[in-house]
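# Examining the three-dimensional arrangement
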Amino acid sequence: MRTYQETIDWLFTNLPMFQRVGASAMKADLTNITALCEYLGNPQKKFKTVHIAGTNGKGSTSHMLASIFQEAGFKTGLTTSPHLKDFRERIRVNGAMADEEFVIDFVNKHEQKIIDQKASFFEIAIAMAFEYFAQQKVDIAIIETGLGGRLDSTNIILPELSVITNIGLDHTQFLGDTLDKIAFEKAGIIKPNTAVVIGETTAETKPVFEQVAKDRNAEIIFAEEKHFQDLSSDLKGSYQIKNKRTVLTAIEQLQKKGWAVSPENITNGLLNVVKNTNLRGRWDILGQHPLIVADTAHNPHGLAEVSKQINEQAYNQLHLVLGFVNDKDVLSILNFFPKKAIYYFCQPNVPRKYDIDELYKIIPEDIKDKHFFDSVEKALIAAKLNSKENDMIYIGGSTFVVAEIV
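Quick caveat, the model's predicted, so the values are computed rather than measured.

With that settled, consider the overall build of the chain. Counting its regular elements, the chain contains 17 helices and 14 strands. The C-alpha atoms of the chain give a radius of gyration of 21 Å, which matches the 22 Å a tight globule of 406 residues would have. By principal-axis analysis of the C-alpha atoms, the chain measures approximately 55 × 55 × 40 Å. The 406 residues of the chain split such that 58% are buried. Summarising the internal contacts of the chain: among those between residues at least 6 apart in sequence, 75% fall at separations of at least 24. Counting only carbon and sulfur atoms, one obtains 48% of the accessible surface of the chain, whose full area is about 16900 Å². Charge-centre separation for the chain: the mean point of 45 positive side chains lies 2 Å from the mean point of 51 negative side chains.

Below you can see the structure in the form of structure tokens.
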């Protein structure tokens, strides 16, 4: 019998994982997840769901919705990705991670099927989440897509509501190189005769959503056309105002379907997201004097929001601890940060890391104050030593950089 850590090591070693190895882990259809769930007795049919896709904000939106449902007294499942520290962050019920014993038992019991199916890491994580939620008899589960929508392993559910937060340029090698192509992939979660809430649109994406919804006879609701009181939340990024609007629009639709969620549940749910669901890495304030903030934003759409938030802060000197994975356009990412900051470049401890020696070669000359470290920890130590009380340290560039800090 494997220990929990041995079980996780087995999954990492034997299953291709996009976050670690990139494109080789991608499966371009739903064959595997369909076969796996049929083998398990289709656990995803045993509970109600809300399905959430989008380029940015889908994690925050998922956690906010889960928190509100928890406050309303519903036993609430939540599956999101990637995890920061522990695989079980991907599978939560009422904020608590799945039991270690469940993960061990699942892998031991189904190891041969996993191997025979040539399943990916994400496919197994999703099948495991569905099985856990069914065993736990959740009332509702918030299901966040992994990468796209149409061909995402989560897209075998028939949800109460679909939600698409926004569309930006990310994972273009899989989803398409224009906003309308990416919108079409994300719109794949829209189901026949099932309402869909769209958080934000552009001139390129709105017609795509409207056409897919029309083809599937799905009511479409645009959150950006709604007006709500700006309720407080413990998720502090200024960009969360858009996610809150999407969440409030989604709750409105779910109330129409008979879900008993009160104004008080909504208020408390938004105020207690971190407490209820243990979300980390979204404008995550790790310290004061100097202000230390970590954020997992890593694509242009998300970085634009983070850049705006940094510009709203009061500080004497900005220190940036940044590391990347090797399929990102680093020079484009750097355009979102001020040149006059002090830069501490580092490499996260994952196979897909942008190697620090390679990074050194491409950092532009107009970034004058720059330092290079072979670990995230060393970079952060240097930034702290170099900071004064009224400075700000920002940690980001990659989910994996943040994962090593929080």
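Turning to its location among the elements, alanine 96 is positioned in strand S4 (residues 96–97). For alanine 96, a relative accessible area of 43% puts it in the partly exposed group.

Ordered in space as S4-S3-S2-S5-S1-S6-S7-S8, the eight strands form an open sheet in which the pairing is mixed. Taken across any chain shown, the strands that pair with only one partner, and hence form the sheet edges, are S4 and strand S8 (220–222). Sheet topology places strand S7 (residues 196–198) next to S8; three bridges connect them, and they run parallel. Residue valine 196 lies in a different strand from S8, and its bridge partner there is isoleucine 220. The strands that helix H4 (residues 58–71) touches are strand S1 (48–53), strand S2 (76–79), strand S3 (92–93) and strand S5 (140–144); relative to S5, the one it contacts most, it runs at about 175 degrees. Contacting S2, S3, S4 and S5, helix H6 (residues 121–136) crosses the sheet at an angle of about 175 degrees to S2.

Looking now at the pattern of salt bridges. Within this structure, the stated rule accounts for 14 salt bridges. Salt-bridge contacts for glutamate 305 lead to lysine 242; the nearest nitrogen and oxygen are separated by 2.5 Å. In this pair, glutamate 305 is assigned in helix H13 (residues 300–312) and lysine 242 in helix H10 (residues 240–256), connecting sequence segments 63 residues apart. A residue is classified by how much of its surface remains accessible, and lysine 242, at 25% relative accessible area, is partly exposed. Here the salt bridges share partners, and the residues they tie into one network are Asp86, Arg88 and Glu100.

Further remarks concern the sheet that holds strand S12 (residues 342–345). Read across the open sheet, the six strands follow the order S9-S10-S14-S11-S12-S13; overall the sheet is mixed. In the strand order of this sheet, the two ends are held by strand S9 (284–287) and strand S13 (370–372), each with one partner. Put simply, the sheet's adjacent strands are angled 20 degrees from each other on average, direction ignored. As paired elements, S12 and S13 share three bridges and run parallel to each other. Bridging from a neighbouring strand, tyrosine 343 pairs with lysine 370 of S13.

Turning our attention to the packing of helix H5 (residues 100–117) against H6. Remark: H5 packs on H6, axes separated minimally by 11 Å, with the N-to-C direction vectors making an angle of 125 degrees. One element, H5, and the other, H6, form an angle in the oblique class. In the packing of H5 onto H6, the handedness of the crossing is right-handed. Together, Phe102, Val103, Phe106, Val107 and Ile114 of H5 and Ile124, Ala127, Met128, Glu131, Tyr132 and Gln135 of H6 make up the contact between the two elements.

UniProt's entry tags residues 281–398 with the feature "domain: Mur ligase C-terminal" (unreviewed entry), counted in the numbering of this structure. Structurally, residues 281–398 is divided into 30% helix and 21% strand, and its ends, taken at the C-alpha atoms, are 11 Å apart.

Residue alternation in strand S10 (residues 291–294) divides its side chains into two sets, Leu291 and Val293 and Ile292 and Ala294, and both sets are buried. Relative to S10, S9 is paired through three bridges, and the arrangement is antiparallel. For aspartate 284, the partnering residue across the bridge sits in S10 and is alanine 294. Once S9 ends, the chain turns through three residues before running back antiparallel as S10, passing histidine 289 with a positive phi of about 55 degrees.

For the rest of this paragraph, the subject is the nonpolar core. Ranked by internal contacts, the top residues of the largest apolar core, which has 37 residues, are Leu11, Phe87, Ile91, Ile124, Met128 and Phe133. With twelve residues, H6 is the single largest residue contributor to this core. Counting 30 residues, the second-largest nonpolar core is a separate cluster that includes Phe69, Leu231, Val261 and Leu270.

Here we come to the domain arrangement of the chain. In terms of domains, the chain is made up of domain 1 (4–277) and domain 2 (284–404). For domain 1 and domain 2, the distance between their C-alpha centroids amounts to 28 Å. Opposite the 22 residues of domain 1 that make contact, domain 2 presents 19 residues. Carbon and sulfur atoms supply 49% of the area that domain 1 and domain 2 bury against each other, a total of about 1700 Å² over both sides. The tally of links between domain 1 and domain 2 comes to one salt bridge. Linking domain 1 to domain 2 there are six residue pairs in polar contact (both at pLDDT 80 or more). Top contributing element to the side of domain 1 that touches domain 2 by residue count: helix H2 (residues 18–21), with four residues. Across the side of domain 1 that touches domain 2, the residue classes break down as seven nonpolar, nine polar and six charged.

Thresholds, definitions, all that
Residues numbered from 1 in each chain as written. Predicted model: local features only at pLDDT ≥ 70, side-chain atom pairs only at ≥ 80, totals over all residues. Heavy atoms only, no water. Helix = DSSP H or I, 4+ residues; strand = E, 2+ residues; numbered from the N terminus. Rg over C-alpha atoms; globule rule 2.2 N^0.38 Å. Buried < 20%, exposed > 50% of the residue type's maximum accessible area, 1.4 Å probe, protein only. Contact = heavy atoms within 4.5 Å. Areas by Shrake-Rupley, 256 points an atom, 1.4 Å probe, with all protein chains shown as cover. Lys, Arg positive; Asp, Glu negative; His and termini not counted. Charge placed at Lys NZ, Arg CZ, Asp CG, Glu CD. Pairing = 2+ DSSP bridges. Axes fitted to C-alpha atoms, helices over the stretch in contact; angles between N-to-C directions. Salt bridge = Lys/Arg side-chain N within 4 Å of Asp/Glu carboxyl O. Parallel < 35°, antiparallel > 145°, perpendicular 65-115°, else oblique. Left-handed = near helix turned anticlockwise from the far one by under 90°. UniProt positions renumbered as here; feature names shortened; annotations may be inferred. Core = buried A, V, L, I, M, F, W, Y, C linked by side-chain atoms within 4.5 Å. Domains from an automatic or database assignment. Buried area = accessible area lost by both parts, 1.4 Å probe. Polar contact = N/O pair within 3.5 Å; in protein donor to acceptor, adjacent residues only side chain to side chain. Nonpolar A, V, L, I, M, F, W, Y, C, P; charged D, E, K, R; others polar.

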